[in-house]
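Summary of the model geometry
If you want the building blocks of each chain, they are given just below.
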Amino acid sequence: MEKILGVDFSGSKRPANKIALAELETKDVLNLKKVYLLSDLKPLENPYVLLVSIIAKFPIAGLDAPLGLPYSSIEVDSYDELLKRFSDKFETAEQLYAHGKNFKKEPKREAE
């Protein structure tokens, strides 16, 4: 039996309040065991630290994360470059969370 976690990052002014989690198990078929919001767990300060600790408990996790990041947050011209530089810019969940708190409202994304 495999345990699987699904994570959906829904758009919101406060994205951490809209992170949905689905816990699944598979034997012969895929069974949905539990669905909840990360905010239901009442993270004390940084919800992303809690999210990382939950993901670490699952051997398989799928994340539905937006790839349309604001250019001002990444300052790169390709997804390959984004993947190479993202972890340099945000080495910890705390750094990413602090960066996101700087925005008064959701930044607009540039269309391709």
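Up top you'll find the structure we're talking about.
My aim in this report is to walk through the structure given alongside it, one point at a time. What you are looking at is a predicted structure, and each value in this text was computed from that prediction instead of being measured.

Below, the discussion takes up the sheet that holds strand β1 (residues 2-9). Consider a sheet: its strands pair through backbone hydrogen bonds, and that pairing is either parallel or antiparallel. Spatially, the four strands line up as an open sheet ordered β3-β2-β1-β4, and their pairing is mixed. Two strands bound the open sheet, and with one partner strand each, they are β3 (30-37) and β4 (60-64). For this sheet, the mean angle separating the axes of adjacent strands, direction not counted, is 20 degrees. Across the face of the sheet, helix α1 (residues 47-55) comes into contact with β1, β2 (19-26), β3 and β4 while running at roughly 155 degrees to β1.

Counting ten residues, the largest nonpolar core consists of Leu5, Val7, Ile19, Leu21, Tyr36, Leu38, Tyr48, Leu51, Ile54 and Phe58. Looking at this core, the elements that each hand over two or more residues are β1, β2 and α1. With three residues, α1 is the single largest residue contributor to this core. What Leu5 contacts, discounting residues up to four positions off in sequence, is Leu21, Ala22, Glu23, Ile54, Ile55, Phe58, Ile60, Ala61 and Gly62.

Within α1, burial applies to Pro47, Tyr48, Leu51 and Ile54. The arc that holds the buried residues of α1, viewed along the axis, is 115 degrees, so those residues lie on one side.

Another point: the pattern of salt bridges. Enumeration over the complete set of coordinates arrives at one salt bridge. The partner of Glu25 in a salt bridge is Lys33, with the nearest N and O atoms 3.9 Å apart. For Glu25, a relative accessible area of 22% gives the class partly exposed.

Attention now moves to the pairing of β1. As a general feature of sheets, a regular strand has side chains that alternate between the two faces. As judged from the eight bridges shared by β1 and β2, these two strands associate in the antiparallel manner. The residue bridging Glu2 from the neighbouring strand is Thr26, located in β2. As paired strands, β1 and β4 are joined by five bridges and run parallel to one another. Counted as the bridge partner of Gly6 is Gly62 from β4.

The next subject is the packing of aromatic side chains. Tallied over the entire structure, the rule returns zero aromatic pairs. The side chain of Lys3 reaches across the aromatic face of Phe58, ending 5.1 Å from its centre.

Conventions used here
Residues numbered from 1 in each chain as written. Predicted model: local features only at pLDDT ≥ 70, side-chain atom pairs only at ≥ 80, totals over all residues. Heavy atoms only, no water. Pairing = 2+ DSSP bridges. Helix = DSSP H or I, 4+ residues; strand = E, 2+ residues; numbered from the N terminus. Axes fitted to C-alpha atoms, helices over the stretch in contact; angles between N-to-C directions. Contact = heavy atoms within 4.5 Å. Core = buried A, V, L, I, M, F, W, Y, C linked by side-chain atoms within 4.5 Å. Buried < 20%, exposed > 50% of the residue type's maximum accessible area, 1.4 Å probe, protein only. Arc of directions from axis to C-beta. Salt bridge = Lys/Arg side-chain N within 4 Å of Asp/Glu carboxyl O. Phe/Tyr/Trp six-rings, centres within 6.5 Å; stacked < 30°, edge-to-face > 60°. Lys NZ or Arg CZ within 6 Å of the ring centre and 35° of its normal.

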